Amino acid sequence: MEFTSMAKTKTAFFCRSCGYESPKWVGKCPGCESWNSFAEEIKPTQQVQVWKRSHAKTVQARTLSEIETENQIRLELPDAELNLVLGGGLVPGAVILLGGEPGIGKSTLLLQMALTLKANTLYISGEESETQIKMRAERLGELDSSCRVLTETMLENILKWVDPEPPEVLIIDSIQTLYSDALEATPGSISQIRECTGRLLQYAKETGIPVFLVGHITKDGSIAGPKILEHMVDTVLQFEGDRHHNYRILRTLKNRFGSTHELGIYEMSGQGLRGVKNPSEIWLSQREEKLSGVGIAAVLEGIRPLLLETQALVSSAVYGTPQRSATGFDLRRLNMLLAVLEKRCGFRLGAQDVFVNLAGGLRLEDPAIDLALMAAIMSSYHSEPIPAGCVFSAEIGLSGEVRAVQRVEQRIVEAEKLGFTDIIISKYNKYQADPKWGIKVHSFGRVDEVFSWLFA
Ligand code: TYD
Ligand code: MG
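A. Spatial organisation of the overall build of the protein chain. Each helix and strand counted, the protein chain has 12 helices and 21 strands in total. Per-residue burial over the protein chain gives 48% buried out of 456 residues. Restricting to contacts in the protein chain with at least 6 residues of sequence separation, those with at least 24 account for 65%. Surface summary for the protein chain: the accessible area is close to 23,000 Å², and the carbon and sulfur share equals 51%.

See the structure below:
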C-alpha cells in the first residue's frame, strides 16, 4: 500500500481576545462575547498537541503543609521603582509581562535592569541587533556587567541555548517577535503567542528562572495578542506616559505576588530611566506670581499621594457654539462639572469657551481632582487667583455636594510636606487629625460654600 501525504495547511479563526477557535468567521465571539475579534490563522497541527501531552510532568497532589515556601526568597532589584511595582523583588519562576506603546521605553527599562542587576542575566532581542543593543547600553553607561545578549526569535533555539548555561533572569524582547518551529503560523499571531508564552511559562516554572516578556500594545491600549496572554502570566506591568513628556508611569495591572496598587514613576533622561523619588515636585510648576485659573489637587495614583496642577481657561465664546476642550481629563466629566456649576451655583457658562489641562501628560482616574479643577475654572472665570498654599481634594456629586475621598490623611500629609498651608476637603471625610500638622484642614459640604469662602 502506498501513502501519499497531502500536506494541506488547515486554517481556523481565533478570537484575539480569548483564543476561542472557530472553523468559520463569526462577528461575535461565543467564548467571551467580544465583537470583531476573529482573525484567520494556520491551525496548530495535531503533532504539537501530542508533544505537549507527552512532555507533561507527572506530579503528585500534596497537602499545603508539604509544600515548601522557602524557595520564595525574592531577588531584590537595584531599581527601587521596579522593586516596588513587583511587590518587593523578583519571585523565582515568575513570568512578568511588560506592556507599553512602541517607543515608551520598555527595552530601555529591561536592559537597564539587566545591566545593573548583580546576577547573570540573558537579554534576548528579536527587535534590535546586537550593535543597537550595545549602543543603548553605552548610553546607559553600564558596559562592564555580566549581562549577555542574544538576538534570536526561534523559541526552540532559545530553549536550546539557555539549557547548558541557564541565566538567573531571562528577558525576552518581545513576545510578538518570537515563533515556535512547531507551528506554521507567523510570529505575532495568536497561536504563536499562546504557544511561546506557554512554553516559556513551563520553562520558568520548571527551572525557577524569572522571565520578563515585552509585549506591544495595540491602538486601543490592550496588549497585542490574545487576552489569554495576560491570564497566563503571573504579573502584568504596563509602562505608560506621553511620549512628548519625559515622565513614565509603571503600573501593575495584575500581580500574583503582590498588590496591584503599586506604581513606579520614572523620568526618561539622556542616560536612561531614572526613578523619581518625589513625584509631586514634577507636576507642580514653579512660579513666583499668582495666576488665575490654576488649582492644585491632592490625588492618589495607585497608593502614592501626589500633588498635581490643574489649569483652566474660561473666555467668552467668539463663535456661536462654545467650545469645551480637555487635555488629560475626561471631557464628559468636564461637561458634568460645568453643568453642576451652572445649575447648583448659578454661573452662566453657556456662552463661555472652557479649556482645561492637566500638567505633565498624566492620565488620572482619581475623582478627587474634581474640586481643584472646578476651583481652577471658577478662578479663571472671576480672573482671580486661588490663594497661594491652597490644595483641594474632593469629588463633586451631581447635586453639587463635596464628596469624601479615600485615604485623606495621606493626601493631607503630602500637601503639608510640600509646604501647603490649607487643604479643602469634604466635611464627610473622617480623618485622624495629627496635632503636629501645620496645615489647616477646611471641610465643606457643598461647592457653593467652597466658592464663597475662596472668592469672598
Ligand atoms: P525603547 O526602550 O526603545 O522603547 P520600546 O522598547 O518601548 O519601544 O525607548 C526608546 C526611546 O527612549 C527613544 O525614543 C529614545 C529614548 N531614550 C532616551 O531618551 N534616553 C535613553 O537613555 C535611551 C536608551 C532611550
Ligand atoms: Mg523595544
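B. Region of the structure containing the site of ligand 1. Taken together, 15 residues form the shell around ligand 1, and within it G103, S107, T108, S269 and G272 come nearest. In the model, an oxygen atom of ligand 1 is placed 2.6 Å from a nitrogen or oxygen of the T108 side chain. For ligand 1, whose unbound accessible area comes to 560 Å², protein coverage reaches 75%. Going through the elements one at a time, α3 (106–116), α4 (130–140) and β11 (263–269) are the ones with two or more residues in the shell around ligand 1. Ranked by residue count, the leading element in the shell around ligand 1 is α3, at three residues. Among the residues making up the shell around ligand 1, the classes are represented as three nonpolar, eight polar and four charged.

C. Inspection of helix α10 (residues 370–382) at higher detail. Between its first and last C-alpha atoms α10 spans 18 Å; for 13 residues at 1.5 Å apiece the expected length is 18 Å, and the two agree. With 11 of 13 residues buried, α10 lies mostly within the body of the structure. Taken together, the buried positions of α10 are occupied by D370, L371, A372, L373, M374, A375, A376, I377, M378, S379 and S380. Backbone geometry just downstream of α10 places S383 in the positive-phi region, at approximately 50°.

D. View of the sheet that holds strand β1 (residues 11–15). With respect to topology, three strands assemble into an open sheet ordered β2-β1-β3, the strand pairing being antiparallel. Both edges of this open sheet fall to β2 (21–22) and β3 (38–42), since each of them pairs with a single strand only.

E. Molecular detail of unusual backbone geometry. Along the chain, D173 connects to S174 via a cis peptide bond; the corresponding omega equals 5°. Positive phi outside glycine occurs at S383, with the angle close to 50°. The residue S383 is located in the loop between α10 and β17 (390–392) in this model. Positive phi, normally seen in glycine, also occurs at R407, with a value near 40°. If you trace the backbone, R407 turns up in the loop between β19 (402–403) and α11 (408–417).

F. Expanded view of the nonpolar core. L341, L371, I377, F392, V447, V450 and F451 are the most contacted members of the largest nonpolar core, which totals 46 residues. Among the secondary structure elements, those contributing two or more residues to this core are β11, β13 (294–301), β14 (304–316), α9 (331–345), β16 (352–358), α10, β17 and α12 (447–454). The element that contributes the greatest number of residues to this core is α10, accounting for eight residues. Listed in part, the 33 residues of the second largest apolar core include V91, L109, V214 and F239.

G. Representation of the sheet that holds strand β12 (residues 272–275) within the structure. Here we have nine strands laid out as an open sheet, ordered β6-β5-β7-β8-β4-β9-β10-β11-β12, and mixed in their pairing. Since the sheet does not close on itself, it has two edges, and those belong to β6 (148–151) and β12, each with one partner. Direction aside, neighbouring strands of the sheet carry axes that sit 25° apart on average. By the bridge criterion, four bridges tie strand β5 (residues 121–125) to β6 in an arrangement that is parallel. What sits directly across from Y123, in β6, is V149. Lying on the sheet, α3 is in contact with β4 (95–100), β5, β7 (169–173), β8 (211–216), β9 (235–240), β10 (247–255), β11 and β12; it crosses β8 at an angle near 165°.

Thresholds, definitions, all that
Position numbers for residues start from 1 in each chain and track the written sequence from start to end. Chains and ligands are labelled by the order in which they are written, letters from A for the one and numbers from 1 for the other. Side-chain atom pairs in this predicted model are given and counted only at pLDDT of 80 or more, local residue features only at pLDDT of at least 70, and totals for whole chains, interfaces and linings cover all residues. Note: side-chain values were computed over all heavy atoms of the structure, leaving out hydrogens and water. Per the convention used, a helix needs a DSSP run of H or I reaching at least four residues, while a strand needs a run of E reaching at least two, with both numbered from the N terminus. Relative accessible area decides the class of each residue, using a 1.4 Å probe on protein chains only: under 20% of the type maximum gives buried, over 50% gives exposed, and in between gives partly exposed. The contact definition used throughout considers only heavy atoms, calling two residues in contact when any of these lie within 4.5 Å. Here the accessible surface of atoms and residues is derived via Shrake-Rupley with a 1.4 Å probe, and residues count as covered only by protein chains that are part of the display. Any residue with a heavy atom positioned within 4 Å of a molecule or strand is treated as near that molecule or strand. Polar contact criterion, stated in full: a pair of N or O atoms within 3.5 Å, where within protein one must be able to donate a hydrogen and the other to accept it, and residues adjacent in sequence count only if both atoms are side-chain atoms. Three classes are used: nonpolar for Ala, Val, Leu, Ile, Met, Phe, Trp, Tyr, Cys and Pro, charged for Asp, Glu, Lys and Arg, and polar for all others, with Gly counted as polar. In this analysis, the expected span of each helix is defined as 1.5 Å times one less than the number of residues it contains. DSSP bridges decide pairing: two strands pair if at least two such bridges lie between them. Take the buried Ala, Val, Leu, Ile, Met, Phe, Trp, Tyr and Cys residues and link them wherever side-chain atoms come within 4.5 Å; each set so joined is a nonpolar core. Inter-axis angles, ranging from 0 to 180 degrees, are taken between N-to-C directions of lines fitted to C-alpha atoms, where helices are fitted over the stretch in contact.

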